[in-house]
Amino acid sequence: MQGTTRMDRELWDAGEIVGGLVPVGSVFAFLAEHRGELFDDGFIADLFSSKTGRPSLPADLVGSVLVLQGLYDLSDGQTAEALKFDIRWKVACGRSLTQMSFDPSTLVYWRKRIAKSDRPDRVFDKVAEVIAATGILRGRRKRCVDSTVFDDAVATQDTVTQLVAAMRRVARTVAGAGEVIAAVCTLDYSSVGKPDIDWDDPAAKQALVSDLVNDALAVLEQLTGPDAPESDQAAADALGLLALVVGQDVEPAEGSDGTDGRWVIARKVAPDRVISTVDPQARHTRKSRSNRKDGYRGHLATEPDTGLITDCEMTMTTGEANTDAAVGVKMANRDRFHNADGDTADASDGDVVVSTETAVSTDVDTEDIEYTGTAVSTADFGAEDADTADGLEIYGDSAYGSGEARDAYRAAGHDTVIKPKPLASAVPGGFNLDDFIIDEQTDTVTCPAGNTRPMSQARTVTFGRLCAGCPLRERCTTAKTGRSMTIHEHEGLLRAARAQAKTPRFKRDYPTRSNVERTVAHVATQNGRRVKLRHIGAAKNNAWLHTRCAALNLRTLLKRGLTRVNGAWAIA
């Protein structure tokens, strides 16, 4: 029987019979010819270290299917069907025309094994090896960074739904929780759906919220108190989620301090609100004031001339570690294609340079930015002026230009062409922070009128009564107590960035950043529709993003002439 199957595969080999139908230069044609070199046995060898264990599918088939699934954004079911019915897939994966597919759950199995391994992004890494081998990025220092929000795979839940779901999760997960819930709770959590009340009656809804909160607090007291048994990780996560949900959306009713058991849904939204107990890492976020979205944030770093994605990461949309600025620095510092052999270009005329030697001036009409303190090198005013050409040139919008990020880029030897955030004036058309002279050596700030005040330890400055009779007051502040401000720790770098943005070089170079927007669109859309995530949690969605970016990189390489010459990858 086994010999018959092999003979059938050889007789009806899709590549031999209909391989000519697959477009030359397509990912399908490339995989048909080179999948064995790209995804050799080493691609999955570490997943089966046991002598008795063996892969259920060959390495070249696993790699090829993952690439094609990522490239076309297919579900597991759609992927299994494509391998069964689509001739292009059969040719690409070395299948016979009569060969059946695998069960969709097989892909879940492979993703889990890969996720638990030391190389969770191995598809991206494999394509990255090809990129490095071709040398296409050699000497290319520019990196454009941007992010976009991907819709999550779950429905946003209201407060009542979350409280009920979190309680039921505790009942399923925590040992002995069912008995505790039955003993201390007012409501019945064994039935499906929301409690049956008159939802048009405000008093009934408030009573339900109070019962839910009181039940949750009672259960938490029993299961997390000093006499509670030690919980495993799953139980601890379930109890932690219940505590988080019960604390994020409710507040004591009017006239109550919470001790009388009266609770209402809070009128404000918690800044890090869990929006679904099905996916506790999904969050609310905003791309703009009018555009609120739910989901995860996908970050990309690209090389603008080739369009190749040099790094990517899917994160939660909240948290300091997940901001554009923080992730941008992380991607720059781990860039695997960085070439440190570039030459340093000479500085050109006409660029503004801010240094510790800047003289202090009280001329209120000057447009010069004056700052005495943190030294600012010419690297802050254009990549070609950098003293250290070993680093990268980072292009980004203002979200990537925090003081902390600029300091981290500078410390790592990277140059920045990042748009600064505009300064607001306390009075329309009046003075802004750049009109004040800051001296870090003496910890003082001098206003446009020439008055000098000390900075506090918290870096705040108050001019107070000095503003009372100041002839420039109307151009400076409307506050009755006078002008006050807080000076950023990295104000020197922020001022240098604002000065850099006024130079001809910056205005010429900054449009390079727009290249990343096209790549982001390729990643975030498929066949004209916005991609919607299919997985739960940041880790699984991060793995999806890496695979999709790998597939898109492979397609980009093919458009640029990727080939194999004498056993080595090359660009024709």
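Residue indices follow the written sequence of each chain, beginning from 1 at its first position. Per-residue local features are limited, in this predicted model, to residues with pLDDT of at least 70; the limit for side-chain atom pairs, both in listing and counting, is 80 or more; totals at the level of whole chains, interfaces and linings are taken over all residues. Side-chain figures throughout are based on the complete set of non-hydrogen atoms in the structure, without hydrogens or water.

1. Remarks on the side chain of Asn553
We count it as follows: The way it works is that DSSP assigns letters per residue, a run of H or I at least four long becomes a helix, a run of E at least two long becomes a strand, and they are numbered from the N terminus. Contact between two residues is taken to exist if any of their heavy atoms lie within 4.5 Å; hydrogens are not considered.
Tracing the chain through its elements places Asn553 in helix 18 (residues 538-559). Excluding residues that lie within four positions of it along the chain, Asn553 makes contacts with Phe124, Val127, Ile131, Leu308 and Ile309.

2. Topic: the packing of aromatic side chains
Working definition: an aromatic ring pair is given by the centre-to-centre distance plus the angle between the planes. The criterion, for reference: Centres within 6.5 Å make a pair out of two Phe, Tyr or Trp rings, where for Trp the six-membered ring is used; the pair is then stacked when the planes are under 30 degrees apart, edge-to-face when over 60, and tilted otherwise. Classification of residues uses two cut-offs on accessible area relative to the type maximum, computed with a 1.4 Å probe and protein chains only: under 20% is buried, over 50% is exposed, and between them is partly exposed. Charge-over-ring contacts are defined here by two conditions on Lys NZ or Arg CZ: a distance within 6 Å of the ring centre and an angle within 35 degrees of the ring normal.
For the structure shown, the criterion picks out eight aromatic pairs. Plain terms: the ring middles of Tyr109 and Trp110 are 5.8 Å apart, the flat faces sit at 80° to each other, and that makes the pair edge-to-face. Looking at Tyr109, the relative accessible area reads 33%, which means it is partly exposed. Through a chain of ring-to-ring contacts, three or more aromatic side chains come together here, namely Phe48, Tyr109 and Trp110. Just above the ring of Phe48 sits the side chain of Arg113; from NZ or CZ to the centre is 4.4 Å. When the ring centre of Trp199 is taken as origin, the NZ or CZ atom of Lys194, which lies over that ring, is 5.2 Å away.

3. A look at unusual backbone geometry
At Asp73, a position not held by glycine, the phi torsion is positive, near 50°. Residue classification places Asp73 among the buried residues on the basis of a relative accessible area of 3%. Phi at Asn566 is positive, roughly 50°, even though this residue is not glycine. For Asn566, the position within the fold is in the loop between strand 17 (562-565) and strand 18 (568-571). Given the relative accessible area of 80%, Asn566 is considered exposed.

4. A word on the layout of surface pockets
Convention followed: The pocket and cavity definitions rest on a 1 Å grid over protein atoms only: a 1.4 Å probe that fits but cannot leave marks a cavity, an open set with protein on both sides within 12 Å along at least five of seven lines marks a pocket, and residues lining either have an atom within 4 Å of a point. Grid points are joined across faces, edges and corners, and a volume is the space filled by probe spheres set on the points.
Quantified by volume, the largest pocket comes out at close to 690 Å³. Every residue lining the largest pocket is counted, 25 residues in all, and those nearest its centre are Arg111, His535, Lys540, Ala543 and Trp544. At the level of secondary structure, the elements contributing two or more residues to the lining of the largest pocket comprise helix 4 (59-72), helix 7 (105-115), helix 8 (122-134) and helix 18. With six residues, helix 18 is the single largest residue contributor to the lining of the largest pocket.

5. A word on the confidence of the model for the protein chain
Quick note on the threshold: The pLDDT value expresses, per residue, how confident the predictor is, ranging between 0 and 100.
Confidence in the prediction for the protein chain averages 88 pLDDT; 88% of positions are at 70 or higher. Taken as a whole, residues 340-380 scores under 50 in pLDDT and shows 86 contacts with residues more than four places along the chain or in a different chain. Counting contacts from residues 382-388, a segment whose pLDDT is below 50, to residues more than four positions away or on other chains yields 25 contacts.

6. Topic: the pattern of salt bridges
Basically, it comes down to this: In what follows, salt bridge is the name for a side-chain nitrogen of Lys or Arg lying within 4 Å of a carboxyl oxygen of Asp or Glu.
Across all of its chains, the model carries 30 salt bridges by this definition. Taking the shortest distance from any N to any O, the salt bridge between Asp305 and Arg140 comes out at 3.5 Å. You can see Asp305 sitting in the loop between strand 5 (291-302) and strand 6 (309-315) and its partner Arg140 sitting in the loop between helix 8 and strand 1 (142-151), a full 165 residues away along the chain. According to the relative accessible area criterion, Arg140 is partly exposed, its value standing at 27%. In this structure, Glu313 engages Lys330 in a salt bridge whose closest nitrogen and oxygen atoms are separated by 3.3 Å. Of the two residues, Glu313 sits in strand 6 while Lys330 sits in helix 13 (residues 324-333), which places them 17 residues apart along the sequence. Glu313 sits in the buried class, given a relative accessible area of 12%.

7. Things to note about the packing of helix 14 (residues 403-411) against helix 15 (residues 491-500)
Rule in force here: Fitted lines through C-alpha atoms serve as axes, helices being fitted only where they are in contact, and the angles separating the N-to-C directions of these axes extend from 0 to 180 degrees. Roughly parallel refers to an angle under 35 degrees, roughly antiparallel to one over 145, roughly perpendicular to one between 65 and 115, and oblique to any angle outside these ranges.
Running from N to C, helix 14 and helix 15 point in directions that differ by 90°, and their axes come no closer than 9 Å. Considered as vectors, helix 14 and helix 15 are oriented roughly perpendicular to each other. Where helix 14 abuts helix 15, its residues Gly403, Arg406, Asp407 and Arg410 lie against Leu493, Leu494 and Ala497.

8. Quick notes on a negative patch on the surface
Going by this rule: Only residues whose relative accessible area exceeds 30% and that form no salt bridge enter a patch; like-charged residues are grouped when within 9 Å of one another, and nonpolar side chains (Val, Leu, Ile, Met, Phe, Trp, Tyr) when within 5 Å. Every accessible area reported is derived by Shrake-Rupley at a probe size of 1.4 Å, with residue values counting cover from the shown protein chains alone. Positive: Lys, Arg. Negative: Asp, Glu. His and the chain ends are not part of the count. A charged residue contributes its charge at one atom only: NZ of Lys, CZ of Arg, CG of Asp or CD of Glu.
A contiguous patch of negative charge, built from Glu320, Glu404, Asp407 and Glu489, is present on the exposed surface. On the secondary structure map, Glu404 appears in helix 14. Using a relative accessible area of 45% as the deciding quantity, one classes Glu404 as partly exposed.

9. Focus: the side chain of Gln69
Summarising the element assignment, Gln69 is placed in helix 4. Once residues lying within four places of it in the same chain are set aside, the contact partners of Gln69 are Leu74, Ser75, Asp76, Thr79, Trp89, Leu107 and Arg111.

10. What to know about helix 12 (residues 233-248)
What counts is decided by this rule: Here the expected span of a helix is defined as 1.5 Å times the quantity of residues minus one. Identification of polar contacts relies on pairs of N or O atoms within 3.5 Å, with a donor-acceptor requirement for protein atoms, meaning one able to donate a hydrogen and the other able to accept it, and with residues adjacent in sequence counted only if both atoms are side-chain atoms.
With 16 residues, helix 12 extends 22 Å from end C-alpha to end C-alpha; this agrees with the ideal 22 Å at 1.5 Å per step. Residues of helix 12 that are buried: Ala235, Ala238, Leu239, Leu241, Leu242, Val245, Val246 and Gln248. Lining the buried residues of helix 12 we find helix 9 (159-173), helix 11 (202-224) and strand 2 (250-252). Its side-chain oxygen 3.3 Å from the backbone nitrogen of Ala234, Asp232 forms the N-cap of helix 12.

11. Quick look at a nonpolar patch on the surface
Together, Leu11, Trp12 and Ile17 make up a nonpolar patch on the protein surface, roughly 330 Å² of accessible area in all. As for its placement among the helices and strands, Leu11 is situated in helix 1 (residues 2-11).

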